[in-house]
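Per-entry structural report
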Amino acid sequence: MSHGFETLAIHAGQDPEARTGAVIPPIYQTSTYAQDAVGAPRQGYEYSRSGNPTRDALQECLAALEGGPVGLAFASGLAAEDTLLRTVCRPGDHVVIPDDAYGGTYRLFAKVAERWGLEYTPAKVSDPDAVRAAIRPGTTKIVWVETPTNPLLGIADIATLAGVAHDADALLVVDNTFASPYLQQPIAHGADVVVHSTTKYIGGHSDVVGGALIAADRSLGEELRYHQNAMGAVNGPFDAWLTLRGIKTLGVRMDRHCDNAERIAAYLDGHAKVGQVIYPGLPAHPGHEVAAKQMRRFGGMISFRAAGGEEHAVEICNRAKLFVLAESLGGVESLIEHPGRMTHASAAGSPLEVPGDLVRLSVGIETVDDLLADLEQALG
Ligand SMILES: Cc1ncc(COP(=O)(O)O)c(C=O)c1O
C-alpha cells in the first residue's frame, strides 16, 4: 500500500526498533560492530563508514520521499555532489551546469573538478535550447540543474530537460534543495539523480549540515553507494538522527514557509523601495507556469533588487532584525543575506556572478505580520 508524503516522512525507514520497541530510531553512535564469527557481521554491519543503522533509517526515508530506489546521506551537500561527480565522470568528460547556482557548487566545478580534468559549460536552465546547445555529444555526461536556482530563482522544466539530456545519453541531475521533496519530486519528471543539501529545508532547523543523493535507477544507486563508502564523506549518526527529526515536519513546515513567502512577495511587489521581486509564485515570473506544473507550491525563498542599488541592498541586510543576517536557508527562522558579498562571493567575476543590488530572503515560519514589520523598517 502506498502512503502519503507526510506518512512517509514520519514512518519510512523508521519502524520501532526491534529490541526495545523504541519509537524513534536510536543514535547508533558506534564506529564498529562485534562480529559473530570471522566473515559473519550481524545484519551486514561491520564498520560505520560502510553502514550505520541511524544513517540507514535516514537514507530509506530520503529515498521514499523522492520516490527513488536508493537514497544516500553525506557529510554535506557538497560532499554528495563531489561523490556524484567522481562516480559518473572521468577526466576529459563534460558537464552542463546552471548559469545561476549555489556559489559553492560553482566553485566545486571551477576550482576543484576542472583541475582534475572535468570540463563544464554554464547554460541558462530556463532555456532548453541553450542547454541543448551547451551539450557536447559523446562527452557530456551530466546536465546539472537547480530548480529553483540559487539565488535568482530561475525555473528549469525538468521533464523537458530530461528529454534533452537523455537524447545525448547524459544524466539529468536536479539539485532539489530549494524546493524540497514536499514541493517537487524530480524523479517523477524524469530526473536521474536528485541532490540535496539536507542542511536546508530537509533538516529544517539550522542545526545540522548534511547532503543527499537519491538515484532513480538501482544500479546507478549501488554505484553511488560503493563510492560513498570508498570516498568516505558519510553523514554521522547524530547528524542523521537530527535530520530525521527535522524531516518528520517537512510537509507542515513547507506549507507555512509558502504561506509566509506568498504574503511577503505580494508586499514587496510594487513597494517603492524595491525594484524587481523574484518569486516563482508571482504570475509575472517567467518560470511561473513551469513551476506551477512541476511544484506543489512555490517555496520559501524570495530574492529582490533594492531600488537604491548595491549600498541600499547592504543597508537593508544590516538593518533587518528578525530576519537574521546569515548564510544558509530553509530553517524555521527567517534569514536575509547579500548573495554578491556572502553566499555567492566565490562566483564574482564568473558567468555566475550575481547582481550587486540583490537581496535574498529565506522566509521562516514566524508570525508573518512580524516579518512584514521587520522588512518595512529594514527597507528604510
Ligand atoms: C542549492 C544548494 N545546493 C548545494 C548546497 C551545498 O550544500 P552544503 O552547504 O550542505 O554543502 C547549497 C548550500 O547552500 C545550496 O544552497
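About the criteria used
- Residues numbered from 1 in each chain as written.
- Predicted model: local features only at pLDDT ≥ 70, side-chain atom pairs only at ≥ 80, totals over all residues.
- Heavy atoms only, no water.
- Near = heavy atom within 4 Å.
- Areas by Shrake-Rupley, 256 points an atom, 1.4 Å probe, with all protein chains shown as cover.
- Helix = DSSP H or I, 4+ residues; strand = E, 2+ residues; numbered from the N terminus.
- Nonpolar A, V, L, I, M, F, W, Y, C, P; charged D, E, K, R; others polar.
- Core = buried A, V, L, I, M, F, W, Y, C linked by side-chain atoms within 4.5 Å.
- Buried < 20%, exposed > 50% of the residue type's maximum accessible area, 1.4 Å probe, protein only.
- Domains from an automatic or database assignment.
- Contact = heavy atoms within 4.5 Å.
- Phe/Tyr/Trp six-rings, centres within 6.5 Å; stacked < 30°, edge-to-face > 60°.
- Buried area = accessible area lost by both parts, 1.4 Å probe.
- Salt bridge = Lys/Arg side-chain N within 4 Å of Asp/Glu carboxyl O.
- Polar contact = N/O pair within 3.5 Å; in protein donor to acceptor, adjacent residues only side chain to side chain.
- Pairing = 2+ DSSP bridges.
- Axes fitted to C-alpha atoms, helices over the stretch in contact; angles between N-to-C directions.
- Disulfide = S-S within 2.5 Å.
- Arc of directions from axis to C-beta.

1. A few points about the site of the ligand
In the region of the ligand, 13 residues are neighbours, and Gly77, Asp175, Ser197, Thr199 and Lys200 sit closest. Notes on the ligand: free accessible area 390 Å², of which the protein chains cover 91%. Ranked by the residues each element gives to the shell around the ligand, the list is headed by helix H3 (residues 77–88), at 3 residues. Split into classes, the residues belonging to the shell around the ligand amount to 2 nonpolar, 7 polar and 4 charged.

2. Some points on the nonpolar core
Core analysis: the largest hydrophobic core is formed by 61 residues, its most contacted members being Ile264, Leu268, Ile302, Phe304 and Leu361. The biggest single contributor to this core is helix H10 (residues 250–268), with 7 residues. Residue assignment places this core across two domains, with domain 1 (5–245) and domain 2 (251–379) each supplying three or more. In this view, isoleucine 264 contacts Ile302, Phe323, Leu361, Val363, Val368, Leu371, Leu372 and Leu375; residues no more than four positions away in its chain are not counted. Counting 30 residues, the second-largest nonpolar core is a separate cluster that includes Cys89, Ile97, Leu108 and Ala110.

3. Observations regarding the packing of aromatic side chains
Applying the stated criterion across every chain yields a total of 6 aromatic pairs. For the pair phenylalanine 5 and tyrosine 182, a centre-to-centre distance of 5.3 Å together with 65° between the ring planes defines the contact as edge-to-face. With a gap of 177 residues between them, phenylalanine 5 in helix H1 (residues 5–11) and tyrosine 182 in helix H7 (residues 180–183) connect regions that are remote in the sequence. Here the two residues phenylalanine 5 and tyrosine 182 agree in accessibility, since each one is buried. Here phenylalanine 109 and tryptophan 144 contribute two aromatic rings whose centre-to-centre distance is 5.4 Å and whose plane-to-plane angle is 85°, an arrangement assigned as edge-to-face. On the criterion of sequence distance, the pair formed by phenylalanine 109 in helix H4 (residues 103–113) and tryptophan 144 in strand E4 (residues 140–146) is long-range, its members being 35 residues apart. Take phenylalanine 109 and tryptophan 144: they sit in the same class, and that class is buried.

4. Some thoughts on the domain arrangement of the protein
By the assigned domains, the protein splits into domain 1 (5–245) and domain 2 (251–379). Look at where the C-alpha atoms of domain 1 and domain 2 centre, and you get two points 25 Å apart. Surface buried jointly by domain 1 and domain 2 totals about 3,200 Å² across both partners, of which 63% is contributed by carbon and sulfur atoms. Sorting the residues of domain 1 by area buried against domain 2 places Tyr182, Leu183 and Tyr201 first, and these three jointly supply 24% of that buried surface. Between aspartate 157 and lysine 293 there is a salt bridge, with the nearest N and O atoms lying 2.8 Å from each other. If you look at where domain 1 meets domain 2, you find 17 residue pairs in polar contact (both at pLDDT 80 or more). Of all the secondary-structure elements, those providing two or more residues to the side of domain 1 that touches domain 2 are H4 and H7. With 4 residues, the single largest contributor to the side of domain 1 that touches domain 2 is H4. When the residues that make up the side of domain 1 that touches domain 2 are grouped by side-chain class, the tally is 19 nonpolar, 12 polar and 5 charged.

5. Some words on helix H12 (residues 309–319)
Every buried residue of H12 is listed here: His312, Ala313, Val314, Ile316 and Cys317. For H12, the secondary structure elements touched by its buried residues are strand E9 (301–306), strand E10 (324–325), strand E11 (335–337), strand E12 (358–362) and helix H13 (368–379).

6. Brief notes about the sheet that holds E10
Taking strand neighbours across the sheet as the criterion, the 5 strands line up as E8-E9-E12-E11-E10 in an open arrangement whose pairing is mixed. Across the chains shown, the open sheet's two edge strands, defined by having one partner strand only, are strand E8 (274–278) and E10. Where E8 lies against E9, 3 bridges are found, and the strand directions are antiparallel. The partner of isoleucine 278 across the bridge, within E9, is serine 303. Across the sheet, H10 touches E8, E9 and E12, and the angle it forms with E9 is around 15°.

7. Comments concerning the state of the cysteines
One pass over the structure, following the stated rule, counts 0 disulfides. The thiol sulfur of cysteine 61 is not disulfide-bonded, and the nearest other cysteine sulfur, from cysteine 258, lies at 19 Å. When its relative accessible area of 0% is taken as the criterion, cysteine 258 is described as buried.

8. Let's talk about helix H6 (residues 158–167)
Of all the residues in H6, the buried ones are Ile158, Leu161, Ala162, Val164 and Ala165. Angularly, the buried residues of H6 cover 165° about the axis, an arc narrow enough to put them on a single face. As for H6, its buried residues are in contact with helix H5 (128–134), E4, strand E5 (171–175) and helix H11 (288–294). Measuring from the backbone nitrogen of alanine 159 back to the side-chain oxygen at the start of H6 gives 3.3 Å, which picks out aspartate 157 as the cap. Immediately downstream of H6, the backbone of aspartate 169 shows phi near 60°, a positive value.

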